[in-house]
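# Inside the fold
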Amino acid sequence: MKKIWENPEILKINREEPRSYYIPYDTLESAVKGVKEESHYYKCLNGDWAFLYFPREFDCTNGIIQSDFLKWETIPVPSNWQMHGYDVPQYTNVTYPYPVDIPYVPDENPVGLYGFETEIFSDFKGRESYIVFEGVSSCFFLYINGKKVGYSQGSHLVSEFNITKYIKPGKNRIVVKVLKWCDGSYLEDQDFYRLSGIFRDVYLLSRNADSHIRDISVNAALDAHYKNGLLSVKVDFLGKKSEYKTSLIDTDGSTKEFTGDLKLPNVRKWNAEAPELYTLIIKCKDEFIPIKTGFRNYEVSSKGEFLVNGVPVKLKGVNRHDSDPKLGYSVPLWHIKRDLTLMKQHNVNAIRTCHYPNTSEFYNLCDEYGFYVIDETDIELHGFVYRDPNIKGYQTYNDEWPCNMPEWREAFVERLVRMLERDKNHPCIFAWSLGNESSYGKNHDAMAEEAHRRDKTRLVHYEGARYADNPPSVDIISHMYSSPEDIENIYLKDGDKRPYFLCEYCHAMGNGPGDLKDYWDVIYKYPRFIGGCVWEWCDHAAVKNDENGNEYFTYGGDFNEYPHDGVFCVDGLVFPDRTLSTSILEMKSVYQNIKTVLKNENTVEITNLFDFTPLSSYKLEWALERDGDIIDSGSIGLPCVLPHKKARVTLPLNLPKVCKDGVCLNLSYVTKNDAKYADAGHEVAFTQLDMKVKRVKDALPSDILRILVNEDRECVNIKGKDFEYSFNKFYGGFASLKINGEETLAGITSYGVYRAPTDNDRNIKNKWNSYKENFKENELMNLMGAKVYDVKVKSSDSEVAITVKSSLCAKSKLPLLYVTTKYLINGHGFITVYTDVDVRETAVYLPRFGMELLLLQGFENIEYYGMGPGQSYIDMKNYTRMGKFKNTVTGEYVPYIHPQEHGNHTGLHWAKVLKDKGTGIEFSAEKSIDFCASHFTAKMLEENSHRHTLTPMAETLVRIDYKVSGLGSNSCGPKLNEKYQLNEKKFSYSFTIKPVFKN
């Protein structure tokens, strides 16, 4: 006999038809207030439920279902049972965690049995009673007072049951049998931790027994001139149709009663920058139903622009999962508010719900905070691409996929309909998405047809339509991870008039992404290129304790689960606890809506990139810096520059005549007033302008100091007034740098090319240092050090020149590069290093190249003039600024969950690494170089799989690099752009090392 949960044509038993989300209230006052807990017709069932876990459904017998709750354990609802010690979290991206044998799932199918007793309110007596489950993974059976009520599947979709005939006065017993897997699980192969249980709210609703409103459809649109509001309200009843009244409450509290349609002159329009909401109240018998609505139009122009209320809008988006390291999928309201607040603070205006609908309250908040939302159906079939071991590579489509099977048609369509009907009244939603990474088949056609039939006010999106040459069923051409070059040269020249959108781009995994600005240069260039959503919002992780009881963040494989996809879940703009990473700061900078260019020494041209907000809402705070020190500053109100317009602003600047490192004008645009997401003074945009002031470097000391040079068979020893240096000819580097008699070096200086691979280096690292034994292409991590061919020493009473010819090479390989270095040491202890490099023509591009100095314990403080204060790379520096900064070496560490390269600073003029008492070493260069100081070597970072296993060394490793290759986003996106690669076969650079004395 076929099991219900292995039959794709059985999707529900006794479940109610989908409807719009709302809560009925018993008074007008409580309805306007909108706090559902204050409604007498609402009862939340969240809390501690009785719980039993069974590794096999076979063992969950009817007798156990009927047994006494006192013998059960307890678990909080909502939650995921894996987060409470039952089973383990399992992270997979593509692969299914069970055999691909549709529609069957393993016989050892775990079950969570939930039990709860509740007393029905007296307000519920004589009325219709419903129970609502907002999210249960993966399917469940419902029992009330020992009787089977029904069945439902669709993990991220609402399931509602009429339980009137099952309940009784007094205590009522609710039992929910949840299965880990069902046939619907084949449609839920999203890139996330696989978790189970009742993970969203459970509540009761009391409705009028004679007749009550079942569904409400609200269309709040604008007329052709985008001035007047056109409100249409359609009501569907359960039972006989009854009279009802509708009224609209403005934000100022004024109320307008109406019947039928309503035309509202000079309506306040909804958009993501000014989310103006009205409250619609529908009264029927003893119920008041509030619905927040906003007047807006979503359209496509003849040029393929995405229009909001007739205005072309760029979507500055992110992909967001429900995810918390302790709560799993079960994210409460405060958690969602925190996410949305951070997004608004970092210039995000669009969200794609990846890859399922969110909880109902999420959309209420998006309406309120102001976001353009792509609501995505709970469908992903990604695991089918690798299901056949005889097919090599990534199979994008086969007729045997469910998306083309008639018996799965209703499962596809129903998921779309349940989402659309629940969320249709939210002004924030501009597009319905048919799911993610599920190829394209006839069932997608059916979904698109149903979406267009039910809602003509929004667009239909589905990236997988590209596998079918983007048929007319989709209104947006959508891609993932295409390079800016391919987008511009291929996809935007295909003759299609539909908007082009990147539903995923700039894989924010670990240290990166490094190519955000490149995308937005193209997005702003083409009207049809409407934007994209960064993958993704947050790192996914589950918390675990180490052997000392300390919590740490995990990723795939840390629970000994199989299969898993390792670190690929750690790919967010913020850490799992929502600590900010540099990637979100970079995104904020690239997404900012005010652009500034220098026109002359006192005048800047400001472009308003907001779509609806004049710049008079902000003020400009400016500061003039010379060599990193503020010499003048001020604040001015901005003129009323309309959206998409420009204006020039003159500032009272008195530029200095000369400088040492540079003169910069820092421009910070801040809010004048408090907003929901930030207090007044919040910075929405920042620009630094390089002022063209003559740079005059400090003159070298004019006095000539004597030095003593003593050369033996292995070393060149140089002694000056306050220093003693020893250069090792055998190894081709300095073995000792003593300042005032104190040693600084813990090892011989050397050149290095390696960095601990970032997560976005996951493809190129196999060329840098492949992990397949005997097939290592370059072995950059395990270079043997310098092969010294020749050392020449030439000295005088005041100067010594040491010229070294050497190479870097690995075992079994040709030399990687040849280096000629000239060290010029004078009587003041200055070491000027001139380096010429010839790289093997066949070598892959290098991670970096530069000198490495290992300093003794105590060199903890750094000062520098360069891009900061955060880490910066050639392709990820828009959020930083040129300036003078201080930090500790410990503070330079970036605690990525998966240890990797970090802490670099590009554009360096000079840097000092100092002891607490102020002595140390200074590095400087005529042309900007890269600098990094760390308590971790590349080897330490690469050989530790988690940050909690890292132990910093006491010494400080300093890198003085000619260049460090960019970060890109090639963990999933395009390969690193050549302009960001250290791919030069011949290059030279120079810098100077100076002793720093106390004070």
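Right above here is the structure, for reference.
Read on for a plain summary of the structure. Quantities reported herein were computed from a predicted structural model and do not represent experimental measurements. (Residues numbered from 1 in each chain as written. Predicted model: local features only at pLDDT ≥ 70, side-chain atom pairs only at ≥ 80, totals over all residues. Heavy atoms only, no water.)

### Considerations on the environment of Leu 814
Assignment of secondary structure puts Leu 814 in the loop between strand S52 (799-808) and strand S53 (817-826). Looking at Leu 814, the relative accessible area reads 59%, which means it is exposed. (Helix = DSSP H or I, 4+ residues; strand = E, 2+ residues; numbered from the N terminus. Buried < 20%, exposed > 50% of the residue type's maximum accessible area, 1.4 Å probe, protein only.)

### What to know about the sheet that holds strand S22 (residues 287-293)
Overall, antiparallel pairing links the 4 strands, which are arranged S19-S18-S21-S22 in an open sheet. The outermost strands of the open sheet, each flanked by one partner alone, are strand S19 (255-258) and S22. On average, adjacent strands in this sheet sit at an angle of 25 degrees to one another, irrespective of strand direction. Here 7 bridges tie strand S21 (residues 278-284) to S22, and the two strands are oriented antiparallel to one another. Residue Leu 280 lies in a different strand from S22, and its bridge partner there is Ile 291. (Pairing = 2+ DSSP bridges. Axes fitted to C-alpha atoms, helices over the stretch in contact; angles between N-to-C directions.)

### Structural notes on the nonpolar core
Ranked by internal contacts, the top residues of the largest apolar core, which has 115 residues, are Leu 340 and Tyr 372. Per-element accounting of this core gives the leading share, 7 residues, to helix H5 (residues 409-423). Listed in part, the 64 residues of the second largest apolar core include Phe 734, Val 753, Tyr 754 and Ile 993. (Core = buried A, V, L, I, M, F, W, Y, C linked by side-chain atoms within 4.5 Å.)

### With respect to the packing of aromatic side chains
This structure, assessed with the given rule, holds 58 aromatic pairs. Between Tyr 42 and Tyr 203 the ring centres are 5.1 Å apart and the planes differ by 40 degrees, which places this aromatic pair in the tilted class. One end of the pair, Tyr 42, is in strand S2 (residues 42-44); the other, Tyr 203, is in strand S15 (residues 202-207), and 161 residues separate them in sequence. The class for Tyr 203 is buried, based on a relative accessible area of 2%. When the ring of Tyr 864 is compared with that of Phe 885, the centres are 5.5 Å apart and the planes differ by 40 degrees; the resulting orientation is tilted. Note that Tyr 864 is positioned in strand S56 (residues 861-868) and Phe 885 in strand S57 (residues 881-888), a separation of 21 residues in sequence. Across the pair, exposure class does not vary: Tyr 864 and Phe 885 are buried alike. Every member of this aromatic cluster is reached through a ring pair, and the members are Trp 49, Phe 51, Tyr 53, Trp 81, Tyr 86, Tyr 114 and Phe 116. Just above the ring of Tyr 41 sits the side chain of Arg 127; from NZ or CZ to the centre is 4.0 Å. Lying over the aromatic face of Phe 559, Lys 544 brings its terminal NZ or CZ to 4.9 Å of the ring centre. (Phe/Tyr/Trp six-rings, centres within 6.5 Å; stacked < 30°, edge-to-face > 60°. Lys NZ or Arg CZ within 6 Å of the ring centre and 35° of its normal.)

### Section: the packing of helix H8 (residues 516-525) against helix H9 (residues 582-591)
When two helices pack together, their arrangement is given by the angle between the helix axes and the distance between those axes. Axis separation between H8 and H9 bottoms out at 10 Å; the angle between their running directions is 20 degrees. Judged by the inter-axis angle, H8 sits roughly parallel to H9. As for how H8 packs across H9, the hand of that crossing is right-handed. Seen from H8, the contacting residues are Leu 516, Lys 517 and Trp 520; seen from H9, they are Glu 586, Met 587, Val 590 and Tyr 591. For the contact of H8 with H9, the class distribution of residues is 5 nonpolar, no polar and 2 charged. (Parallel < 35°, antiparallel > 145°, perpendicular 65-115°, else oblique. Left-handed = near helix turned anticlockwise from the far one by under 90°. Contact = heavy atoms within 4.5 Å. Nonpolar A, V, L, I, M, F, W, Y, C, P; charged D, E, K, R; others polar.)

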